[in-house]
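Topology and contacts: notes
Chain residues, written in single-letter form:
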Amino acid sequence: KEAAKTPHGAKAVFSAATLSRELYRLSKRDEDLQRALELWQTVVSDYPDSTLADDALLKTAELLAPRKLRNAFEALHRLTADYAHGDCFKAASTLVASLRSQDPSMYAQIFEPLTVVIDAGHGGNDQGAHGKTLYEKDVVLRIALALAALLKDEVKVVLTRDADVSLGLRERVN
């Protein structure tokens, strides 16, 4: 904890994680493994701009791959998404390719997120149903935009329209 307050905190925590991993290799005690994983997570969460953050994610994935494939994939996804220009990207990509063959379905769930297409329908000159003060085109557009905002962190969102414009059927499906 004290290391986190110094300029060399990331290196100190990373080194402690590496030592815990080596201790685990000798002892085979789960608590040593857990400690290494916690310390590498501390590097990533407390020092995301450190050059060791991507190394910590790679070490986490390597350690988890034989035990918890989903967690390994998640660490690798974060590494490849957040540290694409880091020095561990190539090694992470190689590990992803190797693990992908073990469980293609899990790989797809994590690396190829679901795409949700939201079609707000009416728009532009096509007002849809109307009441005293509302037009269907305005209500459905507001709902579509709000739904897209709610979903954007969980799935890939595609809006057929994000403004009050008319779209033909061909434009909607392309």
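In what follows, the structure referred to is the one given above.
Residue positions within a chain follow its written sequence, with the count starting from 1. Confidence filtering applies because this is a predicted model: local features only for residues at pLDDT of at least 70, side-chain atom pairs given and counted only at 80 or more, and all residues used for totals across whole chains, interfaces and linings. The side-chain values count all of the structure's non-hydrogen atoms but skip hydrogen atoms and water molecules.

What follows covers helix α5 (residues 89-100). A run of H or I in DSSP becomes a helix once it reaches four residues, and a run of E becomes a strand once it reaches two; helices and strands are each numbered from the N terminus. Multiplying 1.5 Å by the residue count of a helix minus one yields the expected span of that helix. End to end, α5 covers 16 Å across 12 residues, agreeing with the expected 16 Å (1.5 Å per residue, within 8%). Burial here depends on accessible area, computed with a 1.4 Å probe over protein chains only, as a share of the maximum for the residue type. Under 20% is buried, over 50% is exposed, and the range in between is partly exposed. Taken together, the buried positions of α5 are occupied by Ala 92, Leu 95, Val 96 and Leu 99. Along the axis of α5, the buried residues cluster in a sector spanning 105 degrees; they form a single face. Of the residues in α5, the exposed ones pointing more than 90 degrees away from the buried face are Lys 90, Thr 94 and Ala 97. It only takes one pair of heavy atoms within 4.5 Å for two residues to be counted as in contact. Of the surrounding elements, those touching the buried residues of α5 are α3 (53-64), α4 (69-82) and α6 (104-111). Think of it as the arc spanned by the lines of direction from the helix axis to the C-beta atoms.

It is worth spelling out the nonpolar core at this point. Within soluble globular proteins, side chains that are nonpolar generally end up buried alongside one another. Counting 36 residues, the largest nonpolar core has Trp 40, Leu 58, Phe 73, Leu 76, Leu 99 and Phe 111 as its most contacted members. Listed by contribution, the elements that provide at least two residues to this core are α1 (9-27), α2 (30-46), α3, α4, α5 and α6. Throughout this description, the term nonpolar core refers to a set of buried Ala, Val, Leu, Ile, Met, Phe, Trp, Tyr and Cys residues connected via side-chain atoms within 4.5 Å. Grouped together as the second largest cluster of nonpolar side chains are 5 residues, Ile 118, Leu 141, Ala 144 and Ala 148 included.

So, on to the packing of α2 against α3. Helix packing geometry: the angle between the two helix axes and the distance between the axes. Where α2 meets α3, the axes come as close as 8 Å, and the angle between the chain directions of the two elements is 155 degrees. Taken together, the axis directions place α2 and α3 in an arrangement best described as roughly antiparallel. Handedness of the crossing formed by α2 with α3: left-handed. Two secondary-structure elements touch here, α2 through Leu 33, Ala 36, Leu 37, Trp 40, Val 43 and Val 44 and α3 through Ala 53, Ala 56, Leu 57, Lys 59, Thr 60, Leu 63 and Leu 64. Among the residues making up the contact of α2 with α3, the classes are represented as 11 nonpolar, 1 polar and 1 charged. Note on geometry: axes are C-alpha line fits, over the in-contact stretch for helices, and angles between N-to-C directions span 0 to 180 degrees. Roughly parallel here means an angle under 35 degrees, roughly antiparallel means over 145, roughly perpendicular means 65 to 115, and every remaining angle is called oblique. By definition, any crossing whose near helix is turned counterclockwise from its far helix by less than a right angle is left-handed, and any crossing with a clockwise turn is right-handed. Three categories are distinguished: nonpolar for Ala, Val, Leu, Ile, Met, Phe, Trp, Tyr, Cys and Pro, charged for Asp, Glu, Lys and Arg, and polar for the others, with Gly belonging to the last.

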